[in-house]
Amino acid sequence: YDTIKKQLNNKINLSYSNINVFYQCQFRFLLNNIYCVNEFKETISTIIGKLYHKVLEITYRTKRTDYDNIIDEAINEFYPEEKTKKEEFYLNKYRKLLLQLIEIINENNLKSQFENTYFEQKFEIQKENDLNITIKGFVDKILTFNDGENTYVVVIDYKTGGMHNDFNKVVYGLDMQLLMYLYLIKNTNLIKNPKFSGMYLQKIMTEVLNKDDKLTYDEQVRNEYKLNGYTLNNPDIVSKIDKDYDEKSFIYGMKLKKDGSFMGYSKVLSESEIDEFIEIVSNNIDKMIEALNNCEFDINPKKIKNKNIGCEYCSFKDICYVNNSNIVELESEDENDDTE
């Protein structure tokens, strides 16, 4: 433990990403986040991700409408030197996609009573411990609605790559990103007594679309950009997030039955269920801190449904010599799904 503390200079920041790595495999966390064996390398995809985030932040924080100028400013920030022909080609492509995305988000905003309130908002919580631990998070966008008594909150995280779209692995400390943001909001003073109404991932970069004769190209694009996550099971609040939620909603899978209840495939949660999930996140963070104190860094990659998520994309296999006896089989998410 003393060696670990010395390596960390007696402090560590915990974020969604490194907590997720810890619960994928503790030894992977040790090498990646304590000894920093894996060097971070900036790639084209990470730069494009930063570009998208910057443009969306400036657009909705400043309420500017000179979108091309905003994009130019962001490009000059991330590409300060002369650009290659290849970079010029892709930047022109991403400019068109960004303008298309902004148009769709603007249309969605007109359908909502929730206001764009916070952008790239930083949250920090200090944990009292022998090791100085800070829980950190940056929320891409927070929407709020105040009815005079309560402040209702919607959290949105932008995604340029793959998305997980359920909370079934949260009990194992995995895929906690959106819920971690709720945990951070609840345990800081930015919003007093927040009423969580929705938590979503939003894809901000479309992939190659397969031809679908039932949908127009525009409809397919809009489906790609829909909010994907969980919503409070209160039709009145949902209607304030999206007044057309029961018809061509910009929230994925949102639909009512004739009796006014939500369809079985609609991903909705009660207030008590949301509180339960936040408590699970809190417990998972405490368990991780206890493991750090006890220097528990076992080679224990997790496997679900025959998929080894612990070793997936891991660059340390030559160091750990993982074998089948190290792998921890978790119950499949279907067996633990209480959110349907």
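Treat the numbers as computed from the prediction; the structure is a model and nothing was measured.

Points about the overall build of the protein
Counting its regular elements, the protein contains eleven helices and ten strands. Relative to the compact-globule value of 20 Å for 340 residues, the protein shows a C-alpha radius of gyration of 21 Å, a close match. Considering only C-alpha atoms, the protein reaches an extent of 60 × 55 × 45 Å along its principal axes. Within the protein, buried positions represent 48% of all 340 residues.

As for the sheet that holds strand β9 (residues 307–308)
Strand order in the open sheet formed by three strands is β9-β8-β10, and the pairing between neighbours is mixed. Across the chains shown, the open sheet's two edge strands, defined by having one partner strand only, are β9 and β10 (328–330). Sheet analysis places strand β8 (residues 302–304) next to β10, joined by three bridges and oriented parallel. Residue Lys303 lies in a different strand from β10, and its bridge partner there is Glu329.

Observations concerning the nonpolar core
Within the largest apolar cluster, 105 residues are counted, with the highest numbers of intra-cluster contacts made by Leu14, Phe29, Tyr52, Ile135 and Phe167. The element contributing the most residues to this core is helix α10 (residues 271–293), with nine residues. Ignoring anything within four residues of it in the chain, the contact list for Tyr52 reads Tyr94, Leu97, Leu98, Leu101, Ile204 and Met205.

Some remarks on the pattern of salt bridges
Summed over the entire model, instances satisfying the criterion amount to 22 salt bridges. Among the salt bridges present, the one from Glu77 reaches Lys54, with a minimum N-O distance of 3.9 Å. Taken as a pair, Glu77 in helix α5 (residues 67–78) and Lys54 in helix α4 (residues 44–62) lie far apart in primary sequence, 23 residues in all. Between Lys203 and Glu224 there is a salt bridge; the shortest N-O distance is 3.5 Å. With Lys203 in strand β5 (residues 194–203) and Glu224 in helix α8 (residues 217–224), the pair connects residues that are 21 residues apart, well separated along the chain. On the accessibility criterion, Glu224 (23% relative accessible area) is partly exposed.

As for α5
Look at α5: 17 Å from first C-alpha to last across twelve residues, which is about the 16 Å you get at 1.5 Å a residue. Of all the positions in α5, only Ile70, Ile71, Ala74 and Ile75 are classed as buried. Burial along α5 is one-sided: seen end-on, the buried residues are contained in an arc of 135°. In this structure, the buried side of α5 is in contact with α4 and α6 (85–110).

A word on the state of the cysteines
Simply put, disulfide is the name for a covalent bond between the sulfur atoms of two cysteines. Applying the stated criterion across every chain, the model contains zero disulfides. The thiol sulfur of Cys320 is not disulfide-bonded, and the nearest other cysteine sulfur, from Cys311, lies at 6.2 Å.

Some words on the side chain of Lys302
The topology assignment puts Lys302 in strand β8. Here Lys302 sits buried without a salt bridge, and the closest side chain of opposite charge, Asp298, lies 8.5 Å off (N-O distance). Those residues in contact with Lys302 that lie beyond four places of it in its chain are Tyr23, Gln24, Cys25, Lys307, Asn308, Ile309, Gly310, Val328 and Leu330.

Remarks on the confidence of the model for the protein
Looking at the protein, the pLDDT average stands at 90 and 96% of residues meet or exceed 70. Taken as a whole, residues 335–340 scores under 50 in pLDDT and shows ten contacts with residues more than four places along the chain or in a different chain.

Concerning a nonpolar patch on the surface
There is a patch of nonpolar side chains on the surface, built from Tyr35, Val37 and Ile319 and spanning about 250 Å² of accessible area. If you trace the backbone, Ile319 turns up in helix α11 (residues 317–320).

A word on the pairing of strand β4 (residues 151–159)
Among the nine residues that make up β4, nine are buried, leaving the element largely enclosed by the rest of the structure. The alternating pattern of β4 places Thr151, Val153, Val155, Asp157 and Lys159 on one face and Tyr152, Val154, Ile156 and Tyr158 on the opposite face, and all of these are buried. Once strand β3 (residues 132–146) ends, the chain turns through four residues before running back antiparallel as β4, passing Gly148 with a positive phi of about 100°. Direction of pairing for β4 relative to β5: parallel, over a ladder of nine bridges. Its bridge partner lying in β5, Tyr152 is registered against Lys195.

Here is what the cut-offs are and how they apply
Residues numbered from 1 in each chain as written. Predicted model: local features only at pLDDT ≥ 70, side-chain atom pairs only at ≥ 80, totals over all residues. Heavy atoms only, no water. Helix = DSSP H or I, 4+ residues; strand = E, 2+ residues; numbered from the N terminus. Rg over C-alpha atoms; globule rule 2.2 N^0.38 Å. Buried < 20%, exposed > 50% of the residue type's maximum accessible area, 1.4 Å probe, protein only. Pairing = 2+ DSSP bridges. Core = buried A, V, L, I, M, F, W, Y, C linked by side-chain atoms within 4.5 Å. Contact = heavy atoms within 4.5 Å. Salt bridge = Lys/Arg side-chain N within 4 Å of Asp/Glu carboxyl O. Expected span 1.5 Å × (residues − 1). Arc of directions from axis to C-beta. Disulfide = S-S within 2.5 Å. Lys, Arg positive; Asp, Glu negative; His and termini not counted. pLDDT = per-residue confidence, 0-100. Patch = residues over 30% accessible without salt bridge, like charges linked within 9 Å, V, L, I, M, F, W, Y side chains within 5 Å. Areas by Shrake-Rupley, 256 points an atom, 1.4 Å probe, with all protein chains shown as cover.

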